[in-house]
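Results of the structural survey
Each chain is listed here by its residues.
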Amino acid sequence: MKAVYRALAYVVAAEVIVQAMAMVYGIAGLGKWVDSGGVFDKSVMESDESPFPEIVGIIIHGVNGMIVIPAIALLLVVSSFFARIPGAVKWAGLVLLFVVLQVALGLLGHGVPALGALHGLNALVLFSAAIYAARRARAVAASPVVEPQERIATSG
Amino acid sequence: MRWGSSRARLRLACAATVVVIGPLVWFWQASLLPEAYSVVDMGYPDVGGGPAGHLMAHGTHGSHAMAGRSLTSLRADPGRPPDVAVTLTARQQRSRLPSGRAVDGYTLNGQSPGPVVRASVGQMVQVRLVNESVPDGVTLHWHGVDVPNAEDGVAGVTQDVVGVGKEFTYRFVAEQVGTFWYHSHQMSHQQVRGGLLGALVLTPAEHAADVVDVVALVHRYHGVGTVNGQEGDAPVAVRPGDRARVRVINTDNGPMSAWVAGAPFRLVAVDGTDLNGPTPLRDTAVLVTAGGRADLEVAMPAGGSPVRVHLGGSATVVLGSTSFDAPALPKPKTTLDLLSYGTPAPLGFDPATPDRRFRYEIGRRPGFVDGRPGLWWSVNGHLFPDVPMYVVAEGDVVRMRIANHSGDVHPMHLHGHHAVVLSRNGEPTTGGAPDLRGRHHAVRRGWGGAQPAGVRRVCGVRIADARAAFREVNTRCAFRVAPRGA
């Protein structure tokens, strides 16, 4: 289960990278399309047609961010219960918390764009937390299995 | 000892998993919808502080057996011959827009948009809808017109869908004057987008000779912006010194700005209702919400120079006589605020002493709808189908507070009633836009089966397929429940 926990934590981090790349890809495509005479308004936004191919980046960002990443974070929390890594539950919980915060900031950013800026900041926080959780798991997996109580006893 | 503790730990881990996943499974399971359900039995009743009538037998389906009348009896006078008779034949086909572009979608009488239906006030309008080849079936809804309920064209609520090879005849007396449109209300998302729509213009009995009537129906076909099916500039001949009434109809799913380059204009009507005392505007954009209409009256320059009416980013109408080479104008920075435009007019009812008060709060929250996880729209904090069913009675004055906490624009409109905006974000209305039909209201009329006489049930709105949009937080509006179909 340690390996699963570690893998899921890395997947969360990788997903943050995908999210950043997808968003910039989409925005860059929008800029190019507007430059060549395209007009972006609400009716285009609501249309089923893709005005420019890179809009897929924005769609990926939405689906990934609101469905896929929360599901992975939830699985990370579940795996942390079985992982027998000290602090695993805490770090998985933190990752989930940052994911929830990230979704909230992303959505609130539609109404208050400044919160969108915090969405960008929290992405880095989430990425760091996921990497940290994964690396802790690797450190524990590499060292001999140590019961938490014993560790507390020896370190105390 | 270690074996025991690891077993205990495993149990703890399993218990924790159940605690985390269990509620999700429960919510998922609870959100599953039956294969078929009635929109009439959906949600929970909200009587807004008024009498409940006999409707509170809700849930006991036998209640339909009580004294009342079927909505299908709420029709226009069947004995009166029509003054305007139109047959519209719906097809699913690849067709050519007036601009020449071939598009896959739907047509009415072989064209999209469908023919403009015109009638003057007092006339009996009769439209025979024939479905020749639309596999999912069609209906026609008369957007913004208070038709008898059985003529409202909402599949599954006021009538059964019109299948291939079937037909349905709509009849109503034109009692309102203004710009409206008609569209299918079966799988609206797909069929309206695909072109099952057209303009409906109800005019006064007398027509001013120096005003040219221009319909400007804006629709996006497969991402291409058009006006009356034309791409780019749609030229219209108007003599110098004359006026043009440009009836802008936004049939798309988002708000659109309209503005005029080359002449001042007045916003003379909104959503099929004339405004009181509209003043000339210049360098000002008018926001036309999804499904909404705006009638712009343009006074043509005496010198004969052409005038460009911008409709969103892509479609334009060019009014002119000799030249149609009108310069373009970027969207003005100022957008007209209807709260203070024009002069107030008497309402005919007192919104200060309502019979019922409702709140309608739009939000978004995570959850499951029919087993699908997502961030869903909510009404008063509840997800579909657990939405309020506003219960009103004939003659009631209803006051409603609408708040949008979602951060997004959401289109919706009220069928069969119209409302007046009293205030927005605490700022009262001071202008002459007394009747923003189809813009700022939240509930949809509709009821099924038999009803106790005189009691109207306003059913919960499935906001996902309503149209017209607003973004104001804390809009208050009031409407009176008009006697209808008696």
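None of these values were measured; they are calculated from a predicted model. (Residues numbered from 1 in each chain as written. Chains lettered and ligands numbered in written order. Predicted model: local features only at pLDDT ≥ 70, side-chain atom pairs only at ≥ 80, totals over all residues.)

**A look at the overall build of chain A**
Helix and strand counts for chain A stand at 6 helices and 0 strands. When the helices and strands of chain A are placed in sequence order, the string is α-α-α-α-α-α. For chain A, contacts bridging at least 24 residues in sequence account for 76% of all contacts bridging at least 6. (Helix = DSSP H or I, 4+ residues; strand = E, 2+ residues; numbered from the N terminus. Contact = placed C-beta atoms within 7 Å.)

**A look at the overall build of chain B**
Of the regular secondary structure elements, chain B holds 2 helices and 35 strands. Per-residue burial over chain B gives 44% buried out of 486 residues. Restricting the contact set of chain B to residue pairs at least 6 apart, pairs at least 24 apart contribute 77%. (Buried ≥ 20, exposed ≤ 12 C-beta atoms within 10 Å, placed from the backbone.)

**Quick look at the environment of serine 80 of chain A**
Residue and element names in this part refer to chain A. Inspection of the secondary structure puts serine 80 in helix H3 (residues 55–83). In the structure, serine 80 is positioned 57 residues away from alanine 137 in sequence and 10.0 Å away in space, judged by C-alpha atoms. With residues up to four places along the chain from it excluded, the contact list for serine 80 reads Tyr5, Ala88, Val89 and Ala92.

**Points about the pairing of strand E9 (residues 178–183) of chain B**
All names here are of chain B. The element E9 is largely enclosed, with a buried count of 6 among its 6 residues. Every second residue of E9 is oriented toward a common face, with Gly178, Phe180 and Tyr182 on one face and Thr179, Trp181 and His183 on the other, all of them buried. Note that strand E7 (residues 141–143) and E9 share 3 bridges and pair antiparallel. Bridged to histidine 143 within E9 is tryptophan 181. As judged from the 6 bridges shared by E9 and strand E10 (residues 197–203), these two strands associate in the antiparallel manner. Across the sheet, residue tryptophan 181 finds its bridge partner in E10, namely alanine 199. (Pairing = 2+ DSSP bridges.)

**A few points about the packing of helix H1 (residues 2–35) of chain A against H3 of chain A**
Residues and elements named next belong to chain A. At a minimum axis separation of 9 Å, H1 and H3 run at an interaxial angle of 165°. Viewed along their axes, H1 and H3 adopt a mutual orientation that is roughly antiparallel. The two elements H1 and H3 meet at a crossing, and its hand is left-handed. Classifying every residue of the contact of H1 with H3 by side-chain character gives 20 nonpolar, 9 polar and 2 charged. (Axes fitted to C-alpha atoms, helices over the stretch in contact; angles between N-to-C directions. Parallel < 35°, antiparallel > 145°, perpendicular 65-115°, else oblique. Left-handed = near helix turned anticlockwise from the far one by under 90°. Nonpolar A, V, L, I, M, F, W, Y, C, P; charged D, E, K, R; others polar.)

**Let's talk about the confidence of the model for chain B**
Residues and elements named next belong to chain B. The predicted model of chain B averages 82 in pLDDT, with 83% of residues at 70 or higher. Long-range and interchain partners of residues 56–67, a stretch whose pLDDT sits below 50, account for 11 contacts in this model, where long-range means more than four residues apart. Within the model, the stretch residues 482–486 combines pLDDT values under 50 with 12 contacts to residues more than four positions away or in other chains. Of the two predicted TM-score estimates for the complex, the pTM is 0.81 and the ipTM is 0.71. (pLDDT = per-residue confidence, 0-100.)

**Comments concerning the interface of chain B and chain A**
If you look at the interface, chain B gives 23 residues, while chain A gives 22 residues. Contributing elements (two or more residues each) for the side of chain B that touches chain A: helix H1 (2–31) and strand E24 (372–379) of chain B. Ranked by residue count, the leading element in the side of chain B that touches chain A is H1 of chain B, at 5 residues. Looking at side-chain class alone, the side of chain B that touches chain A contains 8 nonpolar, 10 polar and 5 charged residues.

**What to know about the sheet that holds strand E16 (residues 265–270) of chain B**
Residue and element names in this part refer to chain B. Here 6 strands make up an open sheet; going across it, the order is E12-E11-E14-E19-E16-E17 and the pairing mixed. Strands at the two margins of the open sheet, each flanked by one partner only, are strand E12 (224–227) and strand E17 (273–274). Bridging between strand E14 (residues 243–250) and strand E19 (residues 293–299) involves 7 bridges; their strand directions are antiparallel. Considered in E19, the bridge of valine 246 is made with leucine 296.

**Brief notes about the confidence of the model for chain A**
Residue and element names in this part refer to chain A. With 90% of its residues at a pLDDT of 70 or more, chain A shows a mean pLDDT of 88. When pLDDT is averaged over each element of chain A, H1 comes out on top at 95 and helix H6 (residues 148–155) at the bottom at 47. A low-confidence stretch, residues 150–156 (pLDDT under 50), is modelled with 2 contacts involving residues beyond four sequence positions or located in other chains.

**So, H1 of chain A**
The periodicity of an α-helix, 3.6 residues per turn, causes residues three or four places apart in sequence to face the same way. Residue and element names in this part refer to chain A. For H1, with 34 residues, the first-to-last C-alpha span of 50 Å sits near the 50 Å given by 1.5 Å per residue. Residues Tyr5, Arg6, Leu8, Ala9, Val12, Glu15, Val16, Gln19, Ala22 and Gly26 constitute the buried set of H1. Of the residues flanking the end of H1, it is glycine 37, one or two places downstream, whose phi is positive at about 105°. (Expected span 1.5 Å × (residues − 1).)

**Overview of the nonpolar core**
One finds Ala216, Leu296, Val298, Val309 and Val317 of chain B to be the most contacted residues of the largest nonpolar core, which totals 69 residues. Formed jointly, this core draws a minimum of three residues from each of two domains, domain 2 (84–203) and domain 3 (211–336) of chain B. In terms of nonpolar packing, the next biggest core, distinct from the first, is built from 30 residues, Val12, Trp91, Phe127 and Ala129 of chain A among them. (Core = buried A, V, L, I, M, F, W, Y, C linked by C-beta atoms within 7 Å. Domains from an automatic or database assignment.)

**Some thoughts on unusual backbone geometry**
Residues and elements named next belong to chain B. Looking along the chain, the bond that leaves serine 112 and enters proline 113 is cis, with omega of -5°. Checked against the element boundaries, proline 113 lands in the loop between strand E4 (102–108) and strand E5 (114–120). Of the consecutive residues phenylalanine 384 and proline 385, the connecting peptide bond is found in the cis state with omega at 5°. In this structure, proline 385 sits in the loop between strand E25 (382–383) and strand E26 (388–393). Despite not being glycine, aspartate 271 has its phi angle at roughly 50°, a positive value. One can find aspartate 271 in the loop between E16 and E17. Under the C-beta neighbour-count criterion, aspartate 271 is labelled buried, with 26 such atoms within 10 Å.

**Focus on the sheet that holds strand E6 (residues 124–131) of chain B**
All names here are of chain B. Spatially, E4-E3-E6-E8 is the arrangement adopted by the 4 strands of the open sheet, whose pairing is mixed. The outermost strands of the open sheet, each flanked by one partner alone, are E4 and strand E8 (167–173). On average, each strand axis in the sheet is tilted by 25° relative to the strand beside it, whichever way the strands run. One ladder, built from 7 bridges, connects E6 with E8; its direction is antiparallel. Each bridged residue has a counterpart across the sheet, and for arginine 128 the counterpart in E8 is threonine 169.

**Points about the packing of H3 of chain A against helix H4 (residues 88–111) of chain A**
Residues and elements named next belong to chain A. At a minimum axis separation of 8 Å, H3 and H4 run at an interaxial angle of 165°. Taken together, H3 and H4 sit at an angle that is classed as roughly antiparallel. Classified by chirality, the crossing of H4 by H3 is left-handed. Between H3 and H4, the contacting residues are Gly65, Met66, Ile69, Pro70, Ala73, Leu74, Leu76, Val77, Ser80, Phe81 and Ala83 on the first element and Ala88, Val89, Ala92, Gly93, Val95, Leu96, Val99, Val103 and Gly106 on the second.

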